[in-house]
Amino acid sequence: MNLPSHVKVVEVGPRDGLQNEKRAVSLEAKIAFIETLAEAGLPVVEAGAFVSPKWVPQMADSDAVFQRIQRLPNTRYPALVPNLKGLERALAVGVTDIALFTAASETFCQRNMNMTIEESLQGFQSILPTARQAHCWVRVYVSTAFVCPYEGKVSPDAVMRVVSRILEWGVDEISIGDTIGAAVPTDVEPLTLRLLDAMPANQLAYHFHDTRGTALANTLCALQMGVSIFDSSAGGLGGCPFAPGAAGNLATESLLYMLHGMGIETGVDVSKVAEASRQLQSQL
Ligand code: HMG
Ligand code: MG
């Protein structure tokens, strides 16, 4: 097998996981969750979202989260930002790493952001100059890259149309989302071929949800093709309130188990990640 020797695991549990929980998680528990995940050695811990609190009330306390977390020097703590107002809120509490988002299917984009894909891309053009001035590290999510909960199958052409626009702006990383966890490896292979033709492997991430148990199989397919950045959430938390049927992300513990078992290093202590999941469980 042709495999990378190192994988960067991007922990999204505190954002993608907690945005979907019906029970409110206390600020203290969120902070403890984020800090334990960073202590586990995860290089990136997505810690909140500066989205509309009316749309996603679970993320309404992201300002307080960022004000209070103790940051480790070598860990990135990105925040999801939907518009300039979100960026301003993020910068006001010391955020240095941001994640923008759009989608490859029109209906999901509108349900999730109340914007067309084109409007979301134009929105990036208003956010990016300010983000650059503030020296932010910028990641962009492209959701529904395989299947849309409203439109069905999404073609690699539709994904590439969005990705090629994003590449024009020279962002740091693009994360391709299987938002409702419906992809299988034979979907991942043709899209990955197109993506790697258009961009460097060290800027490409996959974000697999595990609704139907295919996330690890999809990860293995992408790994063998040279992808080395994967998003996951501790304890398999997650979903998206605007994607009916979306279950949790690939669990970080399962991803680490597979990677370490295959001799791929991540720098992450899996037992510490499990401790973070257990601590949080008492809140849910
Ligand atoms: P809108 O309602 O169309 O926006 O929302 P608007 O500009 O008309 O503003 C309406 C109100 O919201 C106004 O307040 C604004 O001030 C306020 P009012 O005057 O009514 O009192 N507002 C804000 N407040 C705080 N922070 C802000 C903000 N922006 C406006 N940033 C908007 C448009 C994009 C804001 C909204 O649709 C939104 O927040 N969407 C985000 C939804 C979301 O968070 N979805 C989940 C994350 S995406 C995901 O999970 C997928 C991913 O995991 C990858 C994958 O799995 O594929 C990333
Ligand atoms: Mg997601």
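Residues numbered from 1 in each chain as written. Chains lettered and ligands numbered in written order. Predicted model: local features only at pLDDT ≥ 70, side-chain atom pairs only at ≥ 80, totals over all residues. Heavy atoms only, no water.

(A) The arrangement of the overall build of the protein chain in detail. Summing up its helical and strand segments, the protein chain has 11 helices and 11 strands in all. Computed over the C-alpha atoms, the radius of gyration of the protein chain is 17 Å, within 12% of the 19 Å expected from 2.2 N^0.38 for a compact globule of 284 residues. Principal axes of the C-alpha set define a box for the protein chain whose edges measure 45 × 45 × 35 Å. When each of the 284 residues of the protein chain is scored for burial, the buried share is 55%. (Helix = DSSP H or I, 4+ residues; strand = E, 2+ residues; numbered from the N terminus. Rg over C-alpha atoms; globule rule 2.2 N^0.38 Å. Buried < 20%, exposed > 50% of the residue type's maximum accessible area, 1.4 Å probe, protein only.)

(B) Main features of the pairing of strand E1 (residues 8–11). In terms of strand pairing, E1 meets strand E11 (residues 229–232) through four bridges, oriented parallel. Each residue of the ladder has a partner; that of Glu11, found in E11, is Ser232. Note that E1 and strand E2 (residues 44–45) share two bridges and pair parallel. Paired with Glu11 across the strands is Val45, a residue of E2. (Pairing = 2+ DSSP bridges.)

(C) Structural detail: the coordination of the magnesium ion (ligand 2). The protein atoms that coordinate the magnesium ion (ligand 2) are Asp16 (OD), His207 (NE2) and His209 (NE2), at distances spanning 2.0 to 2.3 Å. Every donor residue of the magnesium ion (ligand 2) comes from the same chain, spaced as D-x190-H-x1-H. Comparing His207 with His209, the two get one shared label, buried. (Donors = N, O, S within 2.8 Å, 3.2 Å for Na, K, Ca; no water.)

(D) The pairing of strand E6 (residues 137–143), seen in detail. For E6, a buried count of seven out of seven residues is recorded, marking the element as mostly surrounded by other parts of the structure. The alternating pattern of E6 places Trp137, Arg139, Tyr141 and Ser143 and Val138, Val140 and Val142 on opposite faces, both of which are buried. Relative to E6, strand E5 (residues 97–103) runs parallel, the two being bridged by seven bridges. The residue of E6 that forms the bridge with Thr102 is Val142. As defined by bridge partners, E6 adjoins strand E9 (residues 173–178) across four bridges and the pair is classed as parallel. Looking at E9, one finds that Val140 is bridged to Ile174.

(E) Molecular detail of the side chain of Thr214. Looking at the secondary structure, you find Thr214 in the loop between strand E10 (204–208) and helix H9 (215–224). The residues contacting Thr214, other than those within four sequence positions of it, are Gly181, Ala183 and Val184. (Contact = heavy atoms within 4.5 Å.)

(F) Main features of the site of ligand 1. Around ligand 1 sit 29 residues, and of these Ser52, Arg89, Asn114, Ser143 and Thr179 come closest. Within the backbone of Ser52, an N or O atom sits 2.8 Å from an oxygen atom of ligand 1. For ligand 1, a nitrogen atom lies 3.3 Å from a polar atom in the backbone of Gly86. Only helix H1 (13–17), helix H4 (84–92), helix H5 (106–113) and E6 provide two or more residues apiece to the shell around ligand 1. (Near = heavy atom within 4 Å. Polar contact = N/O pair within 3.5 Å; in protein donor to acceptor, adjacent residues only side chain to side chain.)

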